[in-house]
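# Coordinate inspection notes
Spelled out from the first residue to the last, the chains are:
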Amino acid sequence: PVGAGLACAGTLLDLNSPVTLVRILAAGPDGLAEIGPAYVPPQIRGRVRLQALDLTTCATSNVARVVF
């Protein structure tokens with residue numbers, strides 16, 4: 001769940017447990033947000049998942065798996 005004190009607190013994300021929220025990014029008016037560049041340790045490549053959360057409605061997107 002999204003932690004207390006954050007927008008949409010209590011909203012459940014479908015990222016497979018155990019997952020830790022690493023970063024919150026704001027998308028621009030075109031709906032795009034940039035994450036990198038970032039170092040990705042070899043042991044987690046192919047296991048990174050992303051999910052969008054609309055902070056106005058608390059609606060979530062489908063989960064996307066990031067493959068490097």
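Structure: above.
A brief look at the structure comes next.

## What to know about the environment of threonine 56
Mapped onto the fold, threonine 56 is located in the loop between strand 1 (48–50) and strand 2 (64–66). The exposure class assigned to threonine 56 is exposed, which follows from its relative accessible area of 74%. It is 33 Å that separates the C-alpha atoms of threonine 56 and proline 41, two residues lying 15 residues apart in sequence.

## Quick word on the state of the cysteines
Applying the stated rule across the entire model yields one disulfide. With its sulfur 2.1 Å from that of its partner, cysteine 8 forms a disulfide with cysteine 58. Here the disulfide of cysteine 8 and cysteine 58 is left-handed, its torsion about the S-S bond being about -90 degrees. You can see cysteine 8 sitting in the segment before strand 1 and its partner cysteine 58 sitting in the loop between strand 1 and strand 2, a full 50 residues away along the chain.

## With respect to the side chain of threonine 11
Looking at the element boundaries, threonine 11 is found in the segment before strand 1. Under the relative-accessibility criterion, threonine 11 is labelled buried at 16%. Engagement of the side chain of threonine 11 in a polar contact is seen with the backbone oxygen of cysteine 8, the distance being 2.7 Å. Discounting chain neighbours no more than four positions away, the residues touching threonine 11 are Pro1, Val2, Leu53, Cys58 and Thr60.

Calculation notes
- Residues numbered from 1 in each chain as written.
- Predicted model: local features only at pLDDT ≥ 70, side-chain atom pairs only at ≥ 80, totals over all residues.
- Heavy atoms only, no water.
- Helix = DSSP H or I, 4+ residues; strand = E, 2+ residues; numbered from the N terminus.
- Buried < 20%, exposed > 50% of the residue type's maximum accessible area, 1.4 Å probe, protein only.
- Disulfide = S-S within 2.5 Å.
- Polar contact = N/O pair within 3.5 Å; in protein donor to acceptor, adjacent residues only side chain to side chain.
- Contact = heavy atoms within 4.5 Å.

Everything listed is a geometric property; what it means functionally is a separate question.
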